[in-house]
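# Observations on the model geometry
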Amino acid sequence: MLKTFKHLALAGTVLAATTIATVQDAEARGRHHGGRAAGAVAGAIIGLGVLGAYAASRERGYYRSCYPGRRVCDVVGQRCWHNRYGEYVCKDDVRCYRREVCD
């Protein structure tokens, strides 16, 4: 949850910085000299960046680091048989695995 807020705050900071940097002084002329087109392009780029950061923060496992945990062994059954001396011998059937641990 904290990562989501960090990404949204970062996107908001980039949006504010870009908006402040692209604002021009007001002119008394009637022409805009392409300011609307540049503003539309800048707005589209910023909007897509914010949406991309938000979507990436929602994906499970994208920013998470996962690694194999400690080894765990469980007895899942027994195998029993008669050995060559006629004795009935049983051996535990043990399965070991490592669970995946994610931060």
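Just above sits the structure.
All of the points below concern the structure found in this document. Here the structure is a predicted model, which means the values were calculated and not measured.

Reading the values: the criteria
Each residue is numbered by its place in its chain's sequence as written, counting from 1. Two thresholds apply to this predicted model, a pLDDT of at least 70 for residue-level local features and 80 or more for giving and counting side-chain atom pairs, whereas whole-chain, interface and lining totals are computed over all residues. Side-chain calculation: all heavy atoms of the structure are included, whereas hydrogens and water are not. The numbering of helices and of strands both runs from the N terminus, where a helix is a DSSP run of H or I of at least 4 residues and a strand a run of E of at least 2. Burial status follows relative accessibility: with a 1.4 Å probe on protein chains alone, a residue under 20% of its type maximum counts as buried, one over 50% as exposed, and anything between as partly exposed. Only heavy atoms enter the contact rule, under which two residues are in contact if any of them lie within 4.5 Å. For accessible areas, the Shrake-Rupley method is used with a probe of radius 1.4 Å. Any residue's cover is judged against the shown protein chains and nothing else. For salt bridges, the criterion is a side-chain nitrogen of Lys or Arg within 4 Å of an Asp or Glu carboxyl oxygen. When the sulfur atoms of two cysteines come within 2.5 Å, that pair is taken as a disulfide.

A tally of helices and strands in the chain yields two helices and two strands. Helices and strands appear in the chain in the N-to-C order α-α-β-β. Buried positions account for 8% of the 103 residues belonging to the chain. The contacts in the chain between residues at least 6 apart in sequence include a share of 49% that link residues at least 24 apart. Per element, the accessible surface of the chain, about 9000 Å² overall, is 57% carbon and sulfur.

Using the criterion set out here, one finds one salt bridge in the structure. A salt bridge links Arg95 to Asp93; the shortest N-O distance between them is 3.2 Å. Asp93 gets classed as buried once you look at its relative accessible area, which sits at 18%.

Attention now moves to the environment of Ser65. Structurally, Ser65 is set in the loop between helix 2 (35-58) and strand 1 (66-82). Separated by 37 residues in the primary sequence, Ser65 and Cys102 have C-alpha atoms spaced 5.7 Å apart. In this view, Ser65 contacts Val101, Cys102 and Asp103; residues no more than four positions away in its chain are not counted.

Evaluation of the coordinates by the stated rule reveals three disulfides. Each sulfur in the disulfide pair Cys66 and Cys102 lies 2.0 Å from the other. Around the S-S axis, the bridge from Cys66 to Cys102 shows a dihedral of about 110 degrees and counts as right-handed. Taken together, the residues span a long stretch of sequence, with Cys66 in strand 1 and Cys102 in strand 2 (residues 88-102) at a distance of 36 residues.

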